[in-house]
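A closer look at the structure
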Amino acid sequence: KQEVTQIPAALSVPEGENLVLNCSFTDSAIYNLQWFRQDPGKGLTSLLLIQSSQREQTSGRLNASLDKSSGRSTLYIAASQPGDSATYLCAVSDRDSGYALNFGKGTSLLVTP
Amino acid sequence: NAGVTQTPKFRILKIGQSMTLQCTQDMNHNYMYWYRQDPGMGLKLIYYSVGAGITDKGEVPNGYNVSRSTTEDFPLRLELAAPSQTSVYFCASSPRLAPDVYNEQFFGPGTRLTVL
């Protein structure tokens, strides 16, 4: 069974810092990997999708990398802002269960002014 | 496009009651999913559907049922509600772009359910 782990569970940084969120998964036979943002009491917003054949994806200040062979992904946030404060979820899909996502528990990020 | 919509947003049930959580997507996506999220935990798959008329169980299906009579709708039925079903429920959909090519999942805003 796929297990997804996110480290750290919580992170507090001052505004302007660059930061890295980590995600690891136990079964490297994934189809794709998605990073989501979740604000308190809200739904999930998709940030980046990396197909298994890709190494990284970028969107604005966000960059996600994927090393499938080692079972790792990182989400890099450049020049963090207070508006980036949220929980970030990593999820991987495989061909089982209709390509459903297996989620980590998330990293809760607080960016202080 | 409205994307993925869910109703209701909030609901309180008494133990033993039943209800249906509604999910509709207007993107003509083949794949649809129901997840639940408990506090401090990742989302867990309840049921999924690969197309109209086809559904299958996920990791935590006990106490739930689904149907998929149309491409757009994927309702989740709770029978005999229990306190353990207190959770936030998310519906999601994903397009099949080509044989063996699937894209990202899009999520609805969720339904917050409390069973007392």
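Note: the structure precedes this text.
Residues numbered from 1 in each chain as written. Chains lettered and ligands numbered in written order. Predicted model: local features only at pLDDT ≥ 70, side-chain atom pairs only at ≥ 80, totals over all residues. Heavy atoms only, no water.

Regarding the overall build of chain A
We apply this condition: Secondary structure is summarised from DSSP: a helix means a run of H or I of at least four residues, a strand means a run of E of at least two, and numbering begins at the N terminus for each. Both definitions apply: the radius of gyration is a C-alpha atom measure, and the globule rule equals 2.2 Å times residues to the power 0.38. Classification of residues uses two cut-offs on accessible area relative to the type maximum, computed with a 1.4 Å probe and protein chains only: under 20% is buried, over 50% is exposed, and between them is partly exposed. By definition in these notes, contact holds between two residues if any of their heavy atoms fall within 4.5 Å.
In terms of helices and strands, chain A carries zero helices and 11 strands. In chain A, the succession of helices and strands from N to C terminus is β-β-β-β-β-β-β-β-β-β-β. For 113 residues, the compact-globule formula gives about 13 Å, and the C-alpha radius of gyration of chain A, at 14 Å, lands near that figure. Expressed along its principal axes, the backbone C-alpha trace of chain A runs to roughly 45 × 30 × 20 Å. Relative to its full complement of 113 residues, chain A shows a buried share of 44%. In chain A, 54% of the contacts between residues at least 6 apart in sequence involve partners at least 24 apart.

A few points about the interface of chain B and chain A
Basically, it comes down to this: Reported buried area values correspond to the accessible surface (1.4 Å probe) lost by two parts on association, with both partners' losses combined. Any carboxyl oxygen of Asp or Glu within 4 Å of a side-chain nitrogen of Lys or Arg constitutes a salt bridge here. Each residue gets one of three labels, nonpolar for Ala, Val, Leu, Ile, Met, Phe, Trp, Tyr, Cys and Pro, charged for Asp, Glu, Lys and Arg, and polar for the others, Gly among them.
Contact with chain B, which involves 23 residues of that partner, is made by 23 residues of chain A. For the pairing of chain B and chain A, the buried interface totals around 1,800 Å² over both sides, and the portion due to carbon and sulfur atoms is 53%. Here chain B is connected to chain A by one salt bridge. Counting only elements with at least two residues in the side of chain B that touches chain A, the list comes to strand S4 (31–37), strand S5 (43–51) and strand S11 (101–102) of chain B. Partitioned by chemical class, the residues of the side of chain B that touches chain A number 13 nonpolar, six polar and four charged.

Some words on the sheet that holds strand S3 (residues 19–25) of chain A
Residues and elements named next belong to chain A. Threshold: Strands are labelled as partners when DSSP assigns at least two bridges between them. Axes here mean lines fitted to C-alpha atoms, for a helix over just the part in contact, with angles spanning 0 to 180 degrees between N-to-C directions.
Strand order across the open sheet formed by five strands is S1-S3-S8-S7-S6, with antiparallel pairing between neighbours. The outermost strands of the open sheet, each flanked by one partner alone, are strand S1 (4–7) and strand S6 (56–59). With strand direction ignored, the average angle separating the axes of adjacent strands in the sheet is 15 degrees.

Let's talk about the pattern of salt bridges
Applying the stated criterion across every chain, the model contains seven salt bridges over all chains. We note a salt bridge from A:Arg61 to A:Asp84, for which the minimum N-O separation is 2.8 Å. Placement of the pair is A:Arg61 in the loop between S6 and strand S7 (62–67) and A:Asp84 in the loop between strand S8 (72–77) and strand S9 (86–93), with a sequence separation of 23 residues. According to the relative accessible area criterion, A:Asp84 is buried, its value standing at 8%. Two residues, B:Lys44 and B:Glu59, come together in a salt bridge whose shortest N-O distance is 3.8 Å.

Remarks on the sheet that holds strand S3 (residues 19–25) of chain B
Residues and elements named next belong to chain B. Overall, antiparallel pairing links the four strands, which are arranged S1-S3-S8-S7 in an open sheet. Of all strands in the sheet, those with a lone pairing partner are strand S1 (4–7) and strand S7 (64–66), marking the two edges. Strand-to-strand twist of the sheet, defined as the mean angle between neighbouring strand axes without regard to direction, takes the value 20 degrees. In terms of strand pairing, S7 meets strand S8 (residues 76–78) through three bridges, oriented antiparallel.

Concerning the packing of aromatic side chains
Here is the rule: Paired rings are identified among Phe, Tyr and Trp, the last through its six-membered ring, by centres lying within 6.5 Å, and are further divided according to the angle between planes into stacked (under 30 degrees), edge-to-face (over 60) and tilted (the rest).
Evaluated as defined, the whole model comprises 10 aromatic pairs over all chains. With centroids separated by 5.7 Å and ring planes inclined at 35 degrees, the aromatic side chains of A:Phe36 and A:Phe103 adopt a geometry described as tilted. Here the residue A:Phe36 occupies a position in strand S4 (residues 32–38), and A:Phe103 occupies one in strand S10 (residues 101–103), the gap between them amounting to 67 residues. A relative accessible area of 9% places A:Phe103 in the buried class. An aromatic cluster of at least three residues, connected via ring pairs, comprises A:Tyr31, A:Phe36, A:Tyr99, A:Phe103, B:Tyr31, B:Tyr33, B:Tyr35 and B:Phe107.

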